[in-house]
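What follows is the residue order along each chain.
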Amino acid sequence: KNQVEQSPQSLIILEGKNCTLQCNYTVSPFSNLRWYKQDTGRGPVSLTIMTFSENTKSNGRYTATLDADTKQSSLHITASQLSDSASYICVVSAGKNQGGKLIFGQGTELSVKP
Amino acid sequence: EPEVTQTPSHQVTQMGQEVILRCVPISNHLYFYWYRQILGQKVEFLVSFYNNEISEKSEIFDDQFSVERPDGSNFTLKIRSTKLEDSAMYFCASRDRVHNSPLHFGNGTRLTVT
């Protein structure tokens, strides 16, 4: 069964600190892996998209890594800001139908405190 | 920056009633999607739509659900006879034709079935 699991479930950090969120997936066939940020009451917003051949991708203070062999990904947030408080969702695209059947993780609820 | 807009933001309906959720995707996008998120749970894929027809649907998307693109701008999700378990946040998303382009999500319609 296609699944995406994330850890930790929730995380509290102080403003300015770094953090790393984890994602493990069992999705076949794999197309790409995406990280989304979802603020409360809003739709998810794309942070990064990585295909099978990409190991790392950055978007400002966000850096995502992908190990397709172990089927693991991480999202590293540098110098956190209060506005980083949100749910971070790992999403894996399954199959040849581009972007259609996205398998969502449960999300990591990040809270950045002053 | 262009965005996906959804209306209404909140819809309350009685069990057995029909509801239509409306979405205006980004104007030059070609692929359209509906997802839902039951409170406290993962975002789930419902259906993808391209070239005026459904390209993929999940097991959730049964005969009670239908989608339509009635004109060049709107994309609707209809639930024919709502059930209590249809209560969820429904997200519309769209993307352009570029391979592995990100999905752009609307801010959702919160459907409450009483």
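Note that the structure is predicted; figures quoted are calculated from it, not measured. (Residues numbered from 1 in each chain as written. Chains lettered and ligands numbered in written order. Predicted model: local features only at pLDDT ≥ 70, side-chain atom pairs only at ≥ 80, totals over all residues. Heavy atoms only, no water.)

Explanation requested: the sheet that holds strand E6 (residues 56–59) of chain A in the structure shown.
Hydrogen bonds along the backbone pair up the strands of a sheet, which may run parallel or antiparallel. Residue and element names in this part refer to chain A. On the basis of which strands lie adjacent, the open sheet formed by five strands has the order E1-E3-E8-E7-E6 and antiparallel pairing. Because the sheet does not close on itself, it has two edges, and the strands there are strand E1 (3–7) and E6. Going across the sheet, the axis of each strand differs from the next one's by a mean of 15 degrees, ignoring polarity. Bridging between strand E7 (residues 62–67) and strand E8 (residues 72–77) involves six bridges; their strand directions are antiparallel. Paired with Thr 63 across the two strands is His 76, which belongs to E8. (Pairing = 2+ DSSP bridges. Helix = DSSP H or I, 4+ residues; strand = E, 2+ residues; numbered from the N terminus. Axes fitted to C-alpha atoms, helices over the stretch in contact; angles between N-to-C directions.)

Any chance you could explain the state of the cysteines here in plain terms?
A covalent bond between the sulfur atoms of two cysteines is referred to as a disulfide. All names here are of chain A. Summed over all chains, the structure comprises two disulfides over all chains. Between the sulfur atoms of Cys 23 and its disulfide partner Cys 90 the distance amounts to 2.0 Å. Where Cys 23 bonds to Cys 90 through sulfur, the torsion about that S-S bond is close to -70 degrees, and the disulfide is left-handed. Here Cys 90 lies in strand E9 (residues 86–94) and Cys 23 lies in strand E3 (residues 19–26), a separation of 67 residues in the sequence. Residue Cys 23 is classed as buried on the basis of its relative accessible area, which comes to 1%. Judged by relative accessible area, which is 0%, Cys 90 ranks as buried. (Disulfide = S-S within 2.5 Å. Buried < 20%, exposed > 50% of the residue type's maximum accessible area, 1.4 Å probe, protein only.)

Help me out: how do you make sense of the pairing of strand E6 (residues 53–57) of chain B in this one?
Each regular strand carries side chains that alternate between the two faces of the sheet. Residues and elements named next belong to chain B. As judged from the four bridges shared by strand E5 (residues 43–50) and E6, these two strands associate in the antiparallel manner. Residue pairing in the sheet places Ser 48 in a bridge with Glu 56 of E6. Counted between consecutive antiparallel strands, the loop separating E5 from E6 contains two residues, among which Asn 51 sits at a positive phi close to 55 degrees.

Could you clarify how one ought to interpret unusual backbone geometry in this entry?
Backbone phi values are negative for most residues with the exception of glycine, while trans is the configuration of most peptide bonds. Note the cis peptide between Ser7(A) and Pro8(A), where omega equals -10 degrees. Geometrically, the link from Ser28(A) to Pro29(A) is a cis peptide bond, its omega value of -10 degrees lying close to zero. If you trace the backbone, Pro29(A) turns up in the loop between E3 and strand E4 (30–38). The backbone of Asn51(B) sits at a positive phi, close to 55 degrees, despite the residue not being glycine. At Asn52(B), a position not held by glycine, the phi torsion is positive, near 65 degrees. Within the secondary structure layout, Asn52(B) lies in the loop between E5 and E6. Take Asn52(B): its relative accessible area is 60%, and that puts it in the exposed class.

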